[in-house]
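# A structural walkthrough
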Amino acid sequence: MEKTSDSNGKQKVRSAEVGTDILKALAELSPSTSLSRLAEHVQMPASKVHRYLQALIASGFAEQNTATNHYGLGREALRVGLAALNSMDVLKVAALPLAELRDELNETCFLAVWGNQGATVVHIEPAVRAVTVVTQLGSVLPLLSSSTGLVFSAYLPHRETDELRDQEIAAADHPLKDEKTYTTLCEQIRARGLHHVHGLLMPGVDALSAPVFNAVGQVAAVLTIVGPTSLFHADENGPAAQRLLAATRAVSWRMGYEKPAY
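Residues numbered from 1 in each chain as written. Predicted model: local features only at pLDDT ≥ 70, side-chain atom pairs only at ≥ 80, totals over all residues. Heavy atoms only, no water.

Right, let's talk about the overall build of the protein for a bit. A tally of helices and strands in the protein yields 9 helices and 8 strands. Burial statistics for the protein: of 262 residues in total, 41% are counted as buried. Summed over its atoms, the accessible surface of the protein is roughly 14,600 Å², and 54% of this surface lies on carbon and sulfur atoms. (Helix = DSSP H or I, 4+ residues; strand = E, 2+ residues; numbered from the N terminus. Buried < 20%, exposed > 50% of the residue type's maximum accessible area, 1.4 Å probe, protein only. Areas by Shrake-Rupley, 256 points an atom, 1.4 Å probe, with all protein chains shown as cover.)

In structure tokens, the structure reads:
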């Protein structure tokens with residue numbers, strides 16, 4: 001009896017794994033796919049895939065278009081997906097990668113999100129050494145005079161940044177006052193996937209920033225490395241930049257972003 005029970009348990013686990021594989025395939029082949037293409041994608045016999053599809057349709061996790069006979073994700077799959085998206089907190093997801101980045105580079109690393117007043121620092125991992133750069137939790141960084149702000153500028157819709165940009169331009173004769181210069185810089189940031197500044201916000205301090213994306217491809221946060229120019233080299237082609245990009249890609253993937261961001 002014990003062996004039979006154990007065997008049944010393993011079969012149920014395997015069935016759940018197969019069902020999950022088919023659901024993932026439906027997502028990857030969305031919005032809809034034929035049975036033959038789905039079977040080829042999961043490398044299973046079409047008859048087996050069809051049996052699982054019937055069970056998924058019955059539970060609301062899949063549906064079939066009666067006009068085309070193609071299959072797609074159902075209402076229940078959408079509900080579960082939305083619940084997963086709502087549970088994603090970029091602050092929680094980025095905490096460990098941010099700490100690991102600080103440990104590897106021994107430079108101050110921080111995460112900023114876009115708040116009511118602009119780019120706002122919400123998490124900091126300070127460098128562990130005598131010479132460090134102090135960044136305050138809750139600080140609002142300028143849009144045009146920080147690498148963090150400029151990365152947000154490059155990826156956010158203009159309607160979210162125009163007012164702040166106008167305010168900063170009005171307060172000083174900023175080199176990014178020219179619309180063409182500003183637009184070109186934003187295009188360059190998007191092409192490279194990151195941005196650096198040398199002493200722009202604070203003399204003697206370099207900064208390197210890259211975006212984190214959410215599941216729908218919107219910028220959710222910006223991860224930044226800052227350090228004294230004498231010790232930290234914010235080279236966009238250097239090892240620190242590559243490590244930063246690896247960290248932001250990992251966080252973006254965990255947030256549900258699957259397309260190549262850079």
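Another point: the confidence of the model for the protein. Looking at the protein as a whole, the pLDDT averages 85, with 87% of positions reaching at least 70. Mean pLDDT per element in the protein: helix H4 (residues 75-87) is the minimum at 67, and helix H6 (residues 147-155) is the maximum at 95. (pLDDT = per-residue confidence, 0-100.)

All chains considered together, the criterion is met by 3 aromatic pairs. Relative to Phe152, the ring of Trp114 has its centre 5.3 Å away and its plane inclined at 50°; by these criteria the two rings are tilted. Of this pair, Trp114 sits in strand E3 (residues 108-115) while Phe152 sits in helix H6; the two residues are 38 residues apart in sequence, bridging distant segments of the chain. Residue classification places Trp114 among the partly exposed positions, given a relative accessible area of 22%. (Phe/Tyr/Trp six-rings, centres within 6.5 Å; stacked < 30°, edge-to-face > 60°.)

In this section: the nonpolar core. By size, the foremost hydrophobic cluster in this structure holds 28 residues, and its most contacted members are Leu144, Phe152, Tyr155 and Ile189. Every element with two or more residues in this core is listed here: E3, strand E4 (118-125), H6, helix H7 (158-171), helix H8 (179-192), strand E7 (205-213) and strand E8 (219-228). No other element matches H6, which puts 5 residues into this core. With near-sequence residues (within four places) excluded, Ile189 lies in contact with Leu150, Val151, Ala154, Tyr155, Leu194 and His195. Membership of the second largest hydrophobic core comes to 23 residues, among which are Ala94, Leu111, Ala234 and Leu245. (Core = buried A, V, L, I, M, F, W, Y, C linked by side-chain atoms within 4.5 Å. Contact = heavy atoms within 4.5 Å.)

Strand direction decides the pairing type here: E3 and E8, joined by 5 bridges, are antiparallel. Looking at E8, one finds that Ala112 is bridged to Val222. One ladder, built from 7 bridges, connects E3 with E4; its direction is antiparallel. Bridge pairing links Phe110 to Ile124 in E4. Between E3 and the antiparallel strand that follows it, E4, lie 2 residues. (Pairing = 2+ DSSP bridges.)

Now for the packing of helix H2 (residues 35-42) against helix H3 (residues 46-59). With their axes 9 Å apart at the nearest point, H2 and H3 run at an angle of 105° to one another. It follows that H2 is roughly perpendicular to H3 by the angle criterion. Here Leu35, Leu38, Ala39 and Val42 of H2 come into contact with H3, specifically with Ala46, Val49, His50 and Leu53. Classifying every residue of the contact of H2 with H3 gives 7 nonpolar, 1 polar and no charged. (Axes fitted to C-alpha atoms, helices over the stretch in contact; angles between N-to-C directions. Parallel < 35°, antiparallel > 145°, perpendicular 65-115°, else oblique. Nonpolar A, V, L, I, M, F, W, Y, C, P; charged D, E, K, R; others polar.)

A regular strand places its side chains so that they alternate between the two faces of the sheet. Pairing between E4 and strand E5 (residues 140-141): 2 bridges, direction antiparallel. From the neighbouring strand, Ala119 faces E5, where its bridge partner is Leu141.

A few words now on H8. The end-to-end C-alpha distance of H8, which contains 14 residues, comes to 20 Å, matching closely the 20 Å that a straight helix rising 1.5 Å per residue would cover. Turning to H8, its buried residues number three or more, namely Tyr182, Leu185, Cys186 and Ile189. Down the axis of H8, the buried set is contained in an arc of 100°. They therefore lie on one face. Exposed positions of H8 whose direction lies more than 90 degrees from the buried face are Lys180 and Ala191. Note on H8: the residue one or two positions beyond its end, Gly193, has a positive phi of about 85°. (Expected span 1.5 Å × (residues − 1). Arc of directions from axis to C-beta.)

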